[in-house]
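# Architecture and fold: a report
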Amino acid sequence: MIIILLFLVNFINADSLASQKTNELREMQLRDGIIELNSTGYFYYTMEFPRPYDIVIYFVAPSCKLCNDLNEHYQKVAKFYADSGALYKSESKRAVFFATMTFNDKNKQVFEQLGFISAPNLFVSQPHIVFVPQDERERYLRDMKWTISYTDGTVTAHKFLEFINKRTARQVDYKASTSEALTVIGILLGALTFGGLIFIIARPLFLNPKLWFIGSVIIFITCLAGVVYNIIHNVPFFSQNNRGGLQWKTNSGRQQLGFEGLFLSLGMTFVGLTMVLIMKLKVLLKHQKYSPFTERFLYITLFICIFVMIQFVEENYRQKSHYNPIYWPPKHYIKGPLNKDQGNSF
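These figures come from a predicted structure and were not determined experimentally.

Calculation rules
Residues numbered from 1 in each chain as written. Predicted model: local features only at pLDDT ≥ 70, side-chain atom pairs only at ≥ 80, totals over all residues. Heavy atoms only, no water. Axes fitted to C-alpha atoms, helices over the stretch in contact; angles between N-to-C directions. Helix = DSSP H or I, 4+ residues; strand = E, 2+ residues; numbered from the N terminus. Parallel < 35°, antiparallel > 145°, perpendicular 65-115°, else oblique. Left-handed = near helix turned anticlockwise from the far one by under 90°. Contact = heavy atoms within 4.5 Å. Nonpolar A, V, L, I, M, F, W, Y, C, P; charged D, E, K, R; others polar. Salt bridge = Lys/Arg side-chain N within 4 Å of Asp/Glu carboxyl O. Buried < 20%, exposed > 50% of the residue type's maximum accessible area, 1.4 Å probe, protein only. Disulfide = S-S within 2.5 Å.

## Remarks on the packing of helix 3 (residues 65-83) against helix 6 (residues 157-168)
- Where helix 3 meets helix 6, the axes come as close as 9 Å, and the angle between the chain directions of the two elements is 45 degrees. Considering their axes alone, helix 3 and helix 6 lie oblique with respect to each other. The handedness of the crossing between helix 3 and helix 6 comes out as right-handed. Seen from helix 3, the contacting residues are L70, H73, Y74, K76, V77, F80 and Y81; seen from helix 6, they are A157, F160, L161, I164, N165 and T168.
- Of the residues belonging to the contact of helix 3 with helix 6, the class tally is nine nonpolar, three polar and one charged.

What follows is the structure, given as structure tokens:
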């Protein structure tokens with residue numbers, strides 16, 4: 001009986017302390033917008049049980065230009081979460097709070113514990129971190145933290161939201177301000193007006209099938225290369241490796257360089273256009289007096305070009321991802337009509 005009473009007392013005390021800590025964090029964020037943590041606050045609010053909430057922490061350093069540039073985007077995301085009611089627990093989701101921590105002698109221990117050797121960093125701390133064994137903590141932290149650098153391209157509130165939403169299991173949307181919305185509407189109206197005038201002036205040119213074919217190929221290459229994404233996120237065309245040499249691709253499956261996307265897109269487009277050329281070759285050679293041997297040689301050469309290019313594209317994807325796409329499907333894949341065959345995606 002005494003054991004049961006002690007258990008109930010501890011449970012009530014823990015529940016009371018959890019509510020107290022949650023209310024304190026909520027009051028701090030509602031007052032300041034972002035909670036400023038020091039090492040003492042970090043260990044108390046994140047590493048001590050009970051803690052029935054998530055904390056997103058933005059780790060920065062003094063005189064860090066990138067930290068200051070991204071601070072506005074981080075504050076936007078914190079406001080989006082607060083406006084969506086995320087500061088309060090719902091039936092299936094924990095409350096989420098936003099904090100920041102600046103590197104100094106007193107906070108140095110926290111940075112070292114999390115493995116941060118540069119800034120800025122983003123860390124989503126969940127309640128079960130309290131119970132993660134020391135030997136598994138590194139793997140857990142790897143999934144919950146993001147060491148941000150210039151190689152990530154332009155980091156925006158959208159990127160912050162994508163990273164945080166995935167780890168808090170919430171779907172908080174980006175809310176554009178009135179000025180942002182009006183700017184986008186103005187650009188769209190201007191583009192439509194300009195496009196309409198160009199079409200009226202050069203109508204015969206736009207009705208040319210050859211122009212549509214060339215335009216379609218250019219659009220296909222552009223979309224496949226991720227050019228629009230690269231422009232929005234300011235992705236560099238080339239980079240430098242650790243030895244200072246020119247680097248045209250990254251080894252990360254989540255990143256790409258501008259030249260990398262364009263080069264692989266051109267390779268895939270080359271394969272598709274070469275396949276079309278093989279189908280049309282008989283028509284193109286109809287009026288030419290080539291021997292059967294020459295025709296066969298042309299076909300074989302085109303097939304070899306396709307095979308070599310596919311091998312090149314596949315090898316680059318193998319180096320970047322565990323997905324490992326292959327042109328020849330595995331034996332267990334379903335074979336059949338086009339809408340069922342599992343091996344026709346490439």
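## Digging into unusual backbone geometry
- Cis peptide bonds are those with omega within 30 degrees of zero, and the linkage from F49 to P50 qualifies with 0 degrees.
- Here the amide bond leading from A119 into P120 is cis, since omega sits at 5 degrees, within 30 degrees of zero.
- Secondary-structure assignment places P120 in the loop between helix 4 (108-113) and strand 4 (121-125).
- Residues other than glycine seldom take positive phi values, yet S63 does so here, at roughly 60 degrees.
- Residue placement: S63 occurs in the loop between strand 2 (53-60) and helix 3.
- The phi torsion at A169 lies on the positive side, around 60 degrees, for a residue other than glycine.
- Looking at the secondary structure, you find A169 in the loop between helix 6 and helix 7 (178-201).

## Notes on the pattern of salt bridges
- Throughout the structure, instances matching the rule amount to five salt bridges.
- Measuring nitrogen to oxygen at the nearest pair gives 3.0 Å for the salt bridge that ties K65 to D69. Of this pair, K65 and D69 both sit in helix 3, four residues apart, which is roughly one turn of that helix.
- Since its relative accessible area comes to 55%, K65 is described here as exposed.

## Let's talk about the state of the cysteines
- Scanning the entire structure with this criterion turns up one disulfide.
- Residue pairing for C64: its cysteine sulfur links by disulfide to C67, the two sulfurs lying 2.3 Å apart. Around the S-S axis, the bridge from C64 to C67 shows a dihedral of about 80 degrees and counts as right-handed.
- Judged by its relative accessible area of 13%, C64 is buried.

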